[in-house]
2 protein chains.
Amino acid sequence: MDNQLRNEIYDQAASWILEAGEYIRENIDAPRSIETKSNPNDLVTEMDQRTEQFFADKIKTTYPEHYLLGEEGFGDELENLDGTIWIVDPIDGTMNFVHQKRNFAISIGIYVDGIGEIGLIYNVMEDTLYSAKRGEGAYKNDVKLPSLNQQRPLNQSILALNTTWMLPENPHIEHQGVHELVKTLRSTRTYGSAALEFAFVAEGILDGYLTMTLMPWDFAGGAILVHEVGGLVTQANKEPLNLLEKSTVLASRTNIHNEIADEYVNLKAKSDRS
Amino acid sequence: MDNQLRNEIYDQAASWILEAGEYIRENIDAPRSIETKSNPNDLVTEMDQRTEQFFADKIKTTYPEHYLLGEEGFGDELENLDGTIWIVDPIDGTMNFVHQKRNFAISIGIYVDGIGEIGLIYNVMEDTLYSAKRGEGAYKNDVKLPSLNQQRPLNQSILALNTTWMLPENPHIEHQGVHELVKTLRSTRTYGSAALEFAFVAEGILDGYLTMTLMPWDFAGGAILVHEVGGLVTQANKEPLNLLEKSTVLASRTNIHNEIADEYVNLKAKSDRS
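Each chain carries its own residue numbering, running from 1 in the written order of its sequence. Chains carry letters and ligands carry numbers; both start at the beginning, A for chains and 1 for ligands, and go up in the order they are written. Only residues with pLDDT of at least 70 get local features here, since the model is predicted, and only at 80 or more are side-chain atom pairs given and counted; chain-wide, interface and lining totals rely on the full set of residues. Water and hydrogen atoms were dropped before computing side-chain values, which therefore reflect all heavy atoms in the structure.

Would you take a moment to explain the domain arrangement of chain A for this structure?
A common measure of how large an interface is: the accessible area buried when the components associate. All names here are of chain A. You can read the domains of chain A as domain 1 (3-144) and domain 2 (154-272). Residues count as neighbours in contact if any of their non-hydrogen atoms are within 4.5 Å of one another. Contacts between the two partners involve 38 residues from domain 1, matched on the other side by 23 residues from domain 2. Here the buried area means the combined drop in accessible surface, using a 1.4 Å probe, for two parts upon being joined, counting both sides. Summing both sides of the interface, domain 1 and domain 2 together bury roughly 2200 Å²; the carbon and sulfur share of this comes to 68%. Per-residue buried area on domain 1 facing domain 2 is highest for Asp 92, Ile 121 and Tyr 130; these three make up 24% of the total on that side. Basic side-chain nitrogens of Lys or Arg form a salt bridge, by our definition, when they fall within 4 Å of a carboxyl oxygen of Asp or Glu. The interface formed by domain 1 and domain 2 contains 1 salt bridge. Glu 203 is the salt-bridge partner of Lys 140, the closest N and O atoms lying 2.8 Å from each other. Throughout this description, a polar contact denotes any pair of N or O atoms lying within 3.5 Å of each other; where both atoms belong to protein, one of them has to be capable of donating a hydrogen while the other can accept it, and for residues adjacent in sequence the pair is counted only when both atoms sit in side chains. Taken together, the links from domain 1 to domain 2 amount to 10 residue pairs in polar contact (both at pLDDT 80 or more). Those elements that provide at least two residues to the side of domain 1 that touches domain 2 are strand S3 (67-70), strand S4 (84-92), strand S5 (105-112), strand S6 (115-123), strand S7 (128-133) and strand S8 (138-140). Classifying every residue of the side of domain 1 that touches domain 2 gives 15 nonpolar, 14 polar and 9 charged. Bear in mind that the domain bounds are from an automatic or database domain assignment. Runs of E in the DSSP output that reach at least two residues are strands. Runs of H or I that reach at least four are helices, and both are numbered from the N terminus. We call Asp, Glu, Lys and Arg charged. Ala, Val, Leu, Ile, Met, Phe, Trp, Tyr, Cys and Pro are nonpolar, and the rest, Gly among them, are polar.

Quick look at the structure:
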């Protein structure tokens, strides 16, 4: 993608994400209906759907040749990564949106033939925009984020980690390794929004993020951000991410990435999973 | 304590906490030396010490008959709760202060003969002051916080919980119960500041907070806040808090408090603890 076109698409995406966020902020206290999806804790609101519809309309009108991969069903059915694909999570951290009315984000990753070109994560209630273009670094609002400190060892690191992965019966990762990891780390944090956890890794206020069940819209924007500050984002077993599948994710500073993946992550065989 | 005196002390404490916070914000990017205390992850900075010294000087000058119980050693050695005691954590969430330069708080609880009269928690970088006077409710800045929703069941609740308490070898709580609790809850969060976790319970964006090893300055202010919005704060086994000792803490909406304590919390005998 040439720079001029990328800059044009970036400006467009940034203006849309701010517009969508402003609407959410103005309506944050409105009564809302909340549906549950596959299980009672998988929440979705009218606002998720409305926001994805907003992006679907904007993209189809302005860039009819682009594709949209989204959570709420207003996008395209994609079988490969050819062309320009917007991967959008209209509200990442829906549980926070419902319970906290803050700590959620809009996430956009724009990929061309599978290459991440533009990443945007908008912390809506804080009005903070994290953004990156490939090869140009990452920004928090107008401030360029420094490259990640590559020196701090694992025992002085803070990792975003959900308590779920410490349960022996979780179907994705052997809990013993996660327990050893928790004992080795300085501390863990859980914020309830994958997009924000990527943004915090990019910002350097978390040293890494390990999780088991992200959809492409949960990691597409964040992976570009973390990559642009010199971090690594892969599946938890170090395989490359696949933008068309649900995935484990390990995003971290490079100096602890191999150590976490090699010494603490033992994924369960897919056939064992519930 | 009569209302006029309480209001006077409240106004004084609020002005000092804002002044101390402003100094921290102005110096947040200054180079700092970081010491470790009992273990490598127990951090303390010059700013913790300076801030406690600030409160010690102010209190001793203005209220020479009051006592100070603090983390950093500028306070009094107390053997009982007689009199007026300021219980101060100058920086609650020192690890966040060091690693994140946000998500930490100054916490003050003012007790008269063991009764909590004034609670203040100041989210320094956000410039958000949570405050309460006994019998007058709690506030977030100038907005009165509503009484906690007492209806939401445990399986729709979000609890602040550190991953540490899920480790079988933790010396404080049987991990099996914690695992069952995690499976029952809607979700968990970990923010890394006890004071802020209390404030979030008071605000209703968390339904509860369960932890094992808080010092009085970690919970003194927060307990008053949560109490003033109708929540319960006890030791994890439902015994009353002791302001002179390290303690387990369960702070939550009343409708889930007994359920968590009775069905999921099994404390290890003190003699078993490392």
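Having seen the model, we can carry on.
I tried to follow the interface of chain B and chain A on my own but got confused; where do I start?
Between chain B and chain A, the residue contacts involve 38 residues of the former and 38 residues of the latter. The contact between chain B and chain A buries some 3100 Å² in all, and 49% of this surface belongs to carbon and sulfur atoms. Joining chain B to chain A, the criterion identifies 4 salt bridges. Its salt-bridge partner being B:Glu169, residue A:Lys183 comes within 2.2 Å of it at the nearest N-O pair. Of all the secondary structure elements, the ones that give two or more residues to the side of chain B that touches chain A are helix H3 (94-99), helix H4 (175-184), strand S11 (187-189) and helix H5 (194-203) of chain B. A breakdown of the residues in the side of chain B that touches chain A according to their chemical character gives 15 nonpolar, 14 polar and 9 charged.

Could you clarify how one ought to interpret the sheet that holds strand S14 (residues 247-252) of chain B in this entry?
Two orientations exist for strands paired in a sheet by backbone hydrogen bonds: parallel and antiparallel. Residues and elements named next belong to chain B. The strand order across the open sheet formed by 5 strands is S11-S10-S12-S14-S13, and the pairing between neighbours is mixed. Among the strands making up the open sheet, the edge pair consists of S11 and strand S13 (232-234). For this sheet, the mean angle separating the axes of adjacent strands, direction not counted, is 15 degrees. For two strands to pair, DSSP has to find at least two bridges joining them. Taken together, the 5 bridges between strand S12 (residues 208-214) and S14 define a ladder with antiparallel strand orientation. Bridge pairing in S14 places Gly 208 opposite Ser 252. Strands in contact with helix H7 (residues 254-263) are strand S10 (158-160), S13 and S14; relative to S14, the strand with the most contacts, it is inclined by about 140 degrees. Axis lines are fitted through C-alpha atoms, for helices just across the contact stretch, and the angle between N-to-C directions can take any value from 0 to 180 degrees.

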